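Notes for the structure review
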2 protein chains.
Amino acid sequence: LRENTRYCRQLPQWRQSTTIRAYSRGGKREAAVSEPGGQGGLSGTHALDEEQIIRFAREFDPQPFHTDPDAAVDTMFGGLAASGWHTMALTMRLLVESVPIAKGVIGSGGEIAWPRATRPGDVLHVVSEIVEIVPNRSRPDRAMVLMRSETRNQRDEVAQTFTAKLVVFRRTS
Amino acid sequence: LRENTRYCRQLPQWRQSTTIRAYSRGGKREAAVSEPGGQGGLSGTHALDEEQIIRFAREFDPQPFHTDPDAAVDTMFGGLAASGWHTMALTMRLLVESVPIAKGVIGSGGEIAWPRATRPGDVLHVVSEIVEIVPNRSRPDRAMVLMRSETRNQRDEVAQTFTAKLVVFRRTS
C-alpha cells in the first residue's frame, strides 16, 4: 500500500479520484472499479481539420477515406475520416501534456479501439483513469500502471478507447 | 468454409500460408495456429533516421527520449528512440502498401506491444499472418479478420507486435 501511494503521488489529479481511493483502501493488486462520479484526469483539447487529416494520412495511412474527401463519400466511412493512428497520436500528445509522471509517459503496449470515426472539425480531449498499479517485484524502482483513456469529441462521444501499460518509476525524493 | 475462402481470395500471399490452410481445413471459427515454416505476408521496408524520429515526436510525443539525442542518454532508453506511435504509424504505411484487401485496411481496434526500442538507422519491415476470420452474422457482406503483424528491424529483432481487428468486405465479383 505504501508503495502504491508513492506512485500515486506523481499523479495528483488522480489521487483525488474514486478509482485511486478504492484501490488504496483495498490494497489489492487487482483492478479497481471506478465508482460513478469518480473524477479522472482531464487533458487539454486539439481541434482537427481536413488539412491535418490529409497530411497525416498521406505520410502514414494513404487510403482514399483518409486522403480524398470526394472519394471518401463512397466508402464505408461515407466521408473523410482521420486515420485511427492520427487520433491515437493526438491522444498521446494530449496525454504527454497532461499526465503528471515525473520520468515521462512510457508505454510498453496497450489495447486500442475506435468505436466512432473522427472527422474534420472535431475537437478532441482525453479523459483518463488509473485502473491498476502493479509494483515490479524484480525491479523495485518501477511499477506497471494500467491507465484507461477515452478520447472524446466536442459532443462528448467516445472516438477511441486506449488502455495503456505504462512503466512508472518511483519518486526518489 | 466457402465464406472464408471468399475473404481469403483477397489475400493471395496468405492463401499459400500454413495458417490459412490450417484454418480452411478445420473450418472452425477458432484461431488457427501457424505451423513452423508457415509463410506470412511480407511488407516493403522503411529506413528511419534521427530527423524523422524528432519531427514525429515534436508533433505527437514531445518527450526528451524522443526529441533530444543528448537528453535521451540519461533516460530509461539510454539514447534517442522513436515514439512507439511512430513505429506503429510506419507499420500502418507498410501494411497499406502490402496487404491485399480490396476496400482497404480498416481496423476497429487491436492490441499493441513494443518489446524493443526503435532507433535512428533502423530499417523496418512487417511480417503478418491471418490468425482468424469471423464472418459477421448480422452483416453478411463483411467479416472480422484478426491479423497479427510483427514489425522487425534489420537484425530481424521484433520491435513491435500488433494484432489488429480488421473489417474485411466480401468480394462482389
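Everything discussed here concerns the structure shown above.
Owing to the predicted nature of the structure, the values given are computational and were not obtained by experimental measurement.

Turning to helix 7 (residues 84-98) of chain B, a few remarks are in order. Think of an α-helix as turning once every 3.6 residues; residues three or four places apart then point the same way. Taking 1.5 Å per residue, 15 residues should reach 21 Å; helix 7 of chain B reaches 21 Å between its end C-alpha atoms and fits that length. A large share of helix 7 of chain B lies buried, amounting to 13 of its 15 residues.

A separate point is the side chain of S98 of chain A. Mapped onto the fold, S98 of chain A is located in helix 7 (residues 84-98). Reaching out from S98 of chain A, the side chain makes a polar contact with the backbone oxygen of L94 of chain A at a distance of 2.8 Å.

This part takes up unusual backbone geometry. The backbone of D156 of chain A sits at a positive phi, close to 65°, despite the residue not being glycine. The residue D156 of chain A is located in the loop between strand 4 (142-152) and strand 5 (158-169) in this model.

On to the pattern of salt bridges. Tallied over the full model, the rule gives 16 salt bridges over all chains. A salt bridge links R93 of chain B to E97 of chain B, with the nearest nitrogen and oxygen atoms 2.6 Å apart. In this pair, R93 of chain B and E97 of chain B are both assigned in helix 7, four residues apart and thus about one turn of the helix distant. Close ionic contact of R116 of chain B with E157 of chain B constitutes a salt bridge, the shortest N to O distance being 3.7 Å. Placement of the pair is R116 of chain B in the loop between strand 2 (107-113) and strand 3 (123-135) and E157 of chain B in the loop between strand 4 (142-152) and strand 5 (158-169), with a sequence separation of 41 residues. Each member of the salt-bridge network shares a partner with another, and the members are R148, E150, R152 and D156 of chain A.

Interface size is often expressed as the accessible area that is lost when the parts come together. Between chain B and chain A, the contact holds 35 residues from the first and 35 residues from the second. Buried surface at the junction of chain B and chain A, both sides included, amounts to about 2800 Å², of which 66% is carbon and sulfur. Contact with chain A buries area across many residues of chain B, yet F60, M76 and W85 of chain B alone supply 24% of it, more than any other trio. At the junction of chain B and chain A, the tally comes to two salt bridges. Note that E59 of chain B and R55 of chain A form a salt bridge whose closest N and O atoms lie 3.6 Å from each other. Our count for the chain B to chain A interface comes out at 12 residue pairs in polar contact (both at pLDDT 80 or more). Those elements giving two or more residues to the side of chain B that touches chain A turn out to be helix 4 (50-60), helix 7, strand 2 and strand 5 of chain B.

Between the two chain copies there is a screw-like relation: a rotation about an axis and a shift along it. When chain B is brought onto chain A, the operation consists of a screw motion whose angular component is 180° and whose axial shift is 0.0 Å, with 0.0 Å RMSD remaining. The relationship between the two copies is best expressed as a two-fold rotation axis. Among all residues of chain B, the minimum C-alpha distance to the rotation axis is found for E111 of chain B, at 2.2 Å. Most of the interface of chain B is mirrored in chain A: 100% of its interface residues are interface residues there too.

The next point concerns the packing of helix 4 (residues 50-60) of chain A against helix 7 of chain A. Residue and element names in this part refer to chain A. Here helix 4 crosses helix 7 at 110°, and the two axes come no closer than 9 Å. It follows that helix 4 is roughly perpendicular to helix 7 by the angle criterion. Residues Q52, I53 and F56 of helix 4 pack against W85, H86 and A89 of helix 7. Tallied by class, residues from the contact of helix 4 with helix 7 come to four nonpolar, two polar and no charged.

Rules behind the numbers
The numbering scheme is per chain: residues are counted from 1 as the chain's sequence reads. Each chain gets a letter, beginning with A, and each ligand a number, beginning with 1, in the order they are written. In view of the model being predicted, local features appear only for residues whose pLDDT reaches at least 70, and side-chain atom pairs are presented and counted only at 80 or more, with totals across whole chains, interfaces and linings using the full set of residues. Side-chain numbers come from the whole structure's heavy atoms, not from hydrogens or water. Only DSSP runs of H or I covering at least 4 residues are called helices, and only runs of E covering at least 2 are called strands; the numbering of each starts at the N terminus. Take the number of residues in a helix, subtract one, and multiply by 1.5 Å to get its expected span. Each residue's exposure class comes from its accessible area (1.4 Å probe, protein chains only) as a fraction of the maximum for that residue type: buried when under 20%, exposed when over 50%, partly exposed otherwise. Here a polar contact means two N or O atoms within 3.5 Å. Within protein one must be a hydrogen donor candidate and the other an acceptor candidate, and residues neighboring in sequence count only if both atoms are side-chain atoms. Each reported salt bridge corresponds to a side-chain nitrogen of Lys or Arg within 4 Å of a carboxyl oxygen of Asp or Glu. Contact definition: two residues touch when any of their heavy atoms are within 4.5 Å. Two parts placed together each lose some accessible area; with a 1.4 Å probe, that loss summed over both constitutes the buried area. The atoms used to superpose the copies are C-alpha atoms, taken from residues with pLDDT of at least 70 in both, and the fit is least squares. Only the stretch in contact is used when a helix axis is fitted, and all axes are lines through C-alpha atoms; the angle between N-to-C directions ranges over 0 to 180 degrees. For classification purposes, an angle smaller than 35 degrees is called roughly parallel, one larger than 145 roughly antiparallel, one from 65 to 115 roughly perpendicular, and anything else oblique. Basically, the charged four are Asp, Glu, Lys and Arg, the nonpolar ten are Ala, Val, Leu, Ile, Met, Phe, Trp, Tyr, Cys and Pro, and anything else, Gly included, counts as polar.

The values are spatial; any link to function lies outside them.
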